[in-house]
Amino acid sequence: MSRHPTTKWAQRSDKVYITIELPDVKDVKLTLEPEGRFYFSATSGTANIPYELDLELFDRVNVDESKTAVGLRTICYLVKKAEKKWWSRLLKQAGKPPVYLKVDWDKWIDEDDEKENKFGGMDFDDMDFSKLDVGGADDEPDDDDDDDDLADTADKVGDDADMEEAKAEGGKVEAAQAASTNEAVEKA
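Residues numbered from 1 in each chain as written. Predicted model: local features only at pLDDT ≥ 70, side-chain atom pairs only at ≥ 80, totals over all residues. Heavy atoms only, no water.

(A) Structural view of the environment of leucine 90. You can see leucine 90 is positioned in the loop between β7 (74-81) and β8 (101-103). Judged by relative accessible area, which is 2%, leucine 90 ranks as buried. Spatially, the C-alpha atom of leucine 90 lies 9.0 Å from that of leucine 55, the residues being 35 residues apart in sequence. (Helix = DSSP H or I, 4+ residues; strand = E, 2+ residues; numbered from the N terminus. Buried < 20%, exposed > 50% of the residue type's maximum accessible area, 1.4 Å probe, protein only.)

In structure tokens form, the structure reads like this:
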């Protein structure tokens, strides 16, 4: 008997993301039909445990423009919708979805937010900006810092004199500590 892998989904008006969480996957088979039937089967682990999904998606899909990516722990499917419209749910069957089917909140975006999320017609949904080394407002030099730099230099000149004085005082303190330690040893 086959098991059902944990499956996450999210959508945009033109596509559906389906992510199957299954580590060490082997023998991946996928069938995607234009009517919206999504069939997945694979084995996982050293015991080659069989897993499968047979989902009837809410509406028709474009099989030719859909893509698959198999990773170490997940299998990601980008399923293109036949019509650019929002689905009210992933599955054609109404009611409570199966327990293994969950919303992918990392990829989820609301219908209203999708319209606001476009930057000049470019779609940045799949781009991870955290990996970019982009400077911010704090990275630019300010002209006001020049006065602070001069004050810091003046402080350092004063600090050098204070340092020499502390070294001289430190020598006296070390001599006094050594003398008191010798007295304590002699008394014992």
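(B) Spotlight on the sheet that holds strand β6 (residues 61-70). With respect to topology, five strands assemble into an open sheet ordered β6-β7-β2-β1-β8, the strand pairing being mixed. Strand pairing shows two members of the sheet lacking a second neighbour, β6 and β8, which therefore form its edges. Going from strand to strand, the sheet's axes swing by 25° on average, the running direction of each strand aside. Both strand β2 (residues 15-21) and β7 contribute to a ladder of seven bridges, which runs antiparallel. Each residue of the ladder has a partner; that of glutamate 21, found in β7, is threonine 74. (Pairing = 2+ DSSP bridges. Axes fitted to C-alpha atoms, helices over the stretch in contact; angles between N-to-C directions.)

(C) Representation of a negative patch on the surface. Taken together, the side chains of Asp110, Glu111, Asp112 and Asp113 present a region of like negative charge at the surface. Checked against the element boundaries, glutamate 111 lands in helix α1 (residues 111-116). (Patch = residues over 30% accessible without salt bridge, like charges linked within 9 Å, V, L, I, M, F, W, Y side chains within 5 Å. Areas by Shrake-Rupley, 256 points an atom, 1.4 Å probe, with all protein chains shown as cover. Salt bridge = Lys/Arg side-chain N within 4 Å of Asp/Glu carboxyl O. Lys, Arg positive; Asp, Glu negative; His and termini not counted. Charge placed at Lys NZ, Arg CZ, Asp CG, Glu CD.)

(D) Representation of the pattern of salt bridges. Within this structure, the stated rule accounts for six salt bridges. Glutamate 56 is the partner of lysine 92 in a salt bridge, and the nearest nitrogen-oxygen pair spans 4.0 Å. With lysine 92 in the loop between β7 and β8 and glutamate 56 in strand β5 (residues 49-56), this residue pair connects regions lying 36 residues apart in the sequence. Residue glutamate 56 is classed as partly exposed on the basis of its relative accessible area, which comes to 48%.

(E) Spotlight on the nonpolar core. Counting residues in each nonpolar core, the largest one holds 23 residues, and the members touching the most others are Ile20, Phe38, Phe40 and Leu57. Among the secondary structure elements, those contributing two or more residues to this core are β2, β3 (25-32), β4 (37-44), β5 and β7. Beyond its immediate sequence surroundings of up to four residues, phenylalanine 38 is in contact with Ile18, Ile20, Leu30, Thr31, Leu32, Leu53, Asp54, Leu55, Leu57 and Tyr77. (Core = buried A, V, L, I, M, F, W, Y, C linked by side-chain atoms within 4.5 Å. Contact = heavy atoms within 4.5 Å.)

(F) Quick peek at the sheet that holds β4. Strand order across the open sheet formed by three strands is β3-β4-β5, with antiparallel pairing between neighbours. In this open sheet, the two edge strands, each paired with only one partner strand, are β3 and β5. Averaged over all adjacent pairs, the angle separating strand axes in this sheet is 10°, with direction ignored. Across eight bridges, the pairing between β4 and β5 is antiparallel. Residue pairing for β5: serine 44 is matched across the bridge by isoleucine 49.

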